[in-house]
Amino acid sequence: NAGVMQNPRHLVRRRGQEARLRCSPMKGHSHVYWYRQLPEEGLKFMVYLQKENIIDESGMPKERFSAEFPKEGPSILRIQQVVRGDSAAYFCASSPPVTGGNYEQYFGPGTRLTVT
Amino acid sequence: SQKIEQNSEALNIQEGKTATLTCNYTNYSPAYLQWYRQDPGRGPVFLLLIRENEKEKRKERLKVTFDTTLKQSLFHITASQPADSATYLCAPSSGGYQKVTFGIGTKLQVIP
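Read on for an overview of the structure. The model shown is predicted, which means the values in this text are computed figures rather than measured ones. (Residues numbered from 1 in each chain as written. Chains lettered and ligands numbered in written order. Predicted model: local features only at pLDDT ≥ 70, side-chain atom pairs only at ≥ 80, totals over all residues. Heavy atoms only, no water.)

A word on the interface of chain A and chain B
Note the threshold: Contact between two residues is taken to exist if any of their heavy atoms lie within 4.5 Å; hydrogens are not considered. Accessible area that two parts lose when put together, evaluated with a 1.4 Å probe and summed over both, is termed the buried area. Any carboxyl oxygen of Asp or Glu within 4 Å of a side-chain nitrogen of Lys or Arg constitutes a salt bridge here. A 3.5 Å cut-off defines polar contacts: any pair of N or O atoms within that distance qualifies, except that in protein one atom must be a possible hydrogen donor and the other a possible acceptor, and neighbouring residues in sequence count only when both atoms are side-chain atoms. A helix here means a DSSP run of H or I that spans at least four residues, while a strand means a run of E at least two residues long, and both kinds are numbered starting from the N terminus. All amino acids are sorted into three groups, where Ala, Val, Leu, Ile, Met, Phe, Trp, Tyr, Cys and Pro are nonpolar, Asp, Glu, Lys and Arg are charged, and the leftover types, Gly among them, are polar.
With 28 residues of chain A in contact, the opposing surface of chain B contributes 20 residues. When chain A packs against chain B, the two sides together hide about 1700 Å² of surface, and 53% of this comes from carbon and sulfur. When the buried area of chain A at its contact with chain B is split by residue, A:L43, A:Y103 and A:F107 rank highest and sum to 32% of it. Joining chain A to chain B, the criterion identifies 0 salt bridges. Put simply, chain A and chain B have 3 residue pairs in polar contact (both at pLDDT 80 or more) between them. For the side of chain A that touches chain B, the secondary structure elements donating two or more residues are β4 (31-37), β5 (43-50), β6 (53-56) and β9 (88-95) of chain A. The element that contributes the greatest number of residues to the side of chain A that touches chain B is β4(A), accounting for 4 residues. Classifying every residue of the side of chain A that touches chain B by side-chain character gives 12 nonpolar, 10 polar and 6 charged.

What about the packing of aromatic side chains?
Let me state the cut-off plainly: Note on aromatic pairs: the rings of Phe, Tyr and Trp (six-membered ring only in Trp) are paired at centre separations within 6.5 Å, and the planes decide the class, stacked below 30 degrees, edge-to-face beyond 60, tilted for the rest. Each residue's exposure class comes from its accessible area (1.4 Å probe, protein chains only) as a fraction of the maximum for that residue type: buried when under 20%, exposed when over 50%, partly exposed otherwise.
Here the structure, examined in full by the defined rule, presents 11 aromatic pairs over all chains. Relative to B:F102, the ring of A:Y35 lies with its centre 5.4 Å away and its plane at 85 degrees, an arrangement referred to as edge-to-face. Of this pair, A:Y35 sits in strand β4 while B:F102 is found in the loop between β9 (86-93) and β10 (106-111), placing the two residues in two different chains. Of the residues examined, A:Y35 reaches a relative accessible area of 0% and is grouped as buried. Here the aromatic rings of B:W35 and B:F75 are separated by 4.9 Å at their centres, their planes lie at 25 degrees, and the arrangement is stacked. One end of the pair, B:W35, is in strand β4 (residues 32-38); the other, B:F75, is in strand β8 (residues 72-77), with 40 residues separating them in the sequence.

Some remarks on the state of the cysteines
Residue and element names in this part refer to chain A. Rules: Counting rule for disulfides: a pair of cysteine sulfur atoms within 2.5 Å.
Under the definition given, this model contains 2 disulfides over all chains. Here C23 connects covalently by a disulfide to C92, the sulfurs 1.7 Å from one another. Here the disulfide of C23 and C92 is left-handed, its torsion about the S-S bond being about -45 degrees. Residue C23 is located in strand β3 (residues 19-24), and its partner C92 is located in strand β9; the two are separated by 69 residues in the primary sequence. C92 shares its class with C23; the two are buried.

Below, the structure is given as structure tokens:
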């Protein structure tokens with residue numbers, strides 16, 4: 001059973017370009033979470049999605065950022081018109097529907113975005 | 001606002017000793033609390049979950065306690081090994097749809 005997959009692992013964008021980060025959850029997982037981690041800082045929650053639905057996007061900036069988790073295919077985190085402050089590691093996590101009180105999340109390896 | 005505090009400074013410990021990491025939270029009533037391990041350049045890995053009605057949880061050399069009165073969780077690694085060197089993240093949650101907030105983490109260095 002493959003783990004959570006993220007691609008690309010490293011992404012370099014110039015200011016003003018768009019960044020698209022992809023996340024394929026573990027097989028059987030229908031919940032996806034995106035986090036951002038700046039150097040020497042903690043993981044910051046951005047958005048929580050289930051298939052075709054955004055459940056909580058309270059941690060996501062209102063402008064330039066969007067996320068989706070379509071019925072088919074990976075979850076996408078999209079950052080438009082990137083700025084230097086968007087440089088960070090972006091982690092995706094997935095979990096199955098909660099059963100038996102299991103709440104653990106499985107994280108991908110992350111995408112390191114560098115904006116030049 | 002909700003706040004999670006972990007030792008922001010690194011914790012250095014001699015191999016074989018017990019490492020104890022602290023997680024304090026305020027303005028929170030978490031239904032459960034998770035601990036994760038994160039190695040440099042990698043995503044966090046789940047270690048243990050403890051619920052509010054549990055005082056203690058163990059897994060091999062790991063032990064977690066949860067004191068809802070003190071609003072604190074302690075994470076212990078007994079007989080520590082250099083391979084235990086990593087950053088350990090505390091993540092309390094109120095439950096529901098599983099929104100989890102992570103602490104900044106404590107960097108543990110086990111010295112041979």
